[in-house]
Amino acid sequence: MILLKFERREIILIAGLFLFMIGLIPFMAPVYAVIIVILMYFGIKLYIGKKCQSIRADVGEGICMECGSKIINNMCSNCGRSEE
């Protein structure tokens, strides 16, 4: 399960979605605009959560300062340098 924790930059997301909702109101009922904005918020949150998990899985323990490869067991998988 992906945790949906609140961060400071989400204020910008919420403000942007609120303005988007105001822009939708002239074209549809306010209830539908609210539903669309709520679905967009959770969709964006889930997408970002999956993207962060993917990046963490690709990075592993870190990135080598010399060649930029993934570090496994405190050793670079490409150049063999110890990262301690």
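Please read all numbers here as calculations on a predicted model, not as lab measurements.

(A) Representation of the packing of helix α1 (residues 10-24) against helix α2 (residues 30-59) in the model. In contact at an axis separation of 9 Å, α1 and α2 are set at 150 degrees when each is read in the N-to-C sense. The angle between the axes of α1 and α2 places the two elements in the roughly antiparallel class. At the point where α1 passes α2, the crossing takes the right-handed sense. Facing α1, whose interface residues are E10, L13, I14, L17, F20, M21 and L24, α2 presents A33, V34, I36, V37, M40, Y41, I44 and K45.

(B) Up close: the packing of aromatic side chains. Taken as a whole and assessed by the stated rule, the structure comprises one aromatic pair. Here Y41 and F42 contribute two aromatic rings whose centre-to-centre distance is 5.2 Å and whose plane-to-plane angle is 75 degrees, an arrangement assigned as edge-to-face. For F42, a relative accessible area of 40% corresponds to the partly exposed category.

(C) Layout of α1. With 15 residues, α1 ought to run about 21 Å at 1.5 Å a step, and its terminal C-alpha atoms sit 21 Å apart, in line with that. Among all positions of α1, only E10, L17, M21 and L24 are buried. Angular distribution of buried residues about the axis of α1 spans 60 degrees; they occupy a single face of the element. Those residues of α1 that are exposed and aimed more than 90 degrees away from the buried face are I11, I12 and L19. Close packing links the buried residues of α1 with α2.

(D) Local environment of a nonpolar patch on the surface. Together, V31, Y32, I35 and L39 give the surface a local cluster of nonpolar side chains, amounting to about 440 Å² of exposed area. If you trace the backbone, I35 turns up in helix α2.

(E) Representation of the nonpolar core. In terms of nonpolar packing, the biggest core is built from six residues, these being L17, M21, L24, A33, V37 and Y41. Mapped onto this core, the elements with two or more residues apiece are α1 and α2. Not counting residues up to four positions away in its chain, the partners in contact with M21 are A33, V34 and V37.

Basis of the calculations
Residues numbered from 1 in each chain as written. Predicted model: local features only at pLDDT ≥ 70, side-chain atom pairs only at ≥ 80, totals over all residues. Heavy atoms only, no water. Axes fitted to C-alpha atoms, helices over the stretch in contact; angles between N-to-C directions. Helix = DSSP H or I, 4+ residues; strand = E, 2+ residues; numbered from the N terminus. Parallel < 35°, antiparallel > 145°, perpendicular 65-115°, else oblique. Left-handed = near helix turned anticlockwise from the far one by under 90°. Contact = heavy atoms within 4.5 Å. Phe/Tyr/Trp six-rings, centres within 6.5 Å; stacked < 30°, edge-to-face > 60°. Buried < 20%, exposed > 50% of the residue type's maximum accessible area, 1.4 Å probe, protein only. Expected span 1.5 Å × (residues − 1). Arc of directions from axis to C-beta. Patch = residues over 30% accessible without salt bridge, like charges linked within 9 Å, V, L, I, M, F, W, Y side chains within 5 Å. Areas by Shrake-Rupley, 256 points an atom, 1.4 Å probe, with all protein chains shown as cover. Salt bridge = Lys/Arg side-chain N within 4 Å of Asp/Glu carboxyl O. Core = buried A, V, L, I, M, F, W, Y, C linked by side-chain atoms within 4.5 Å.

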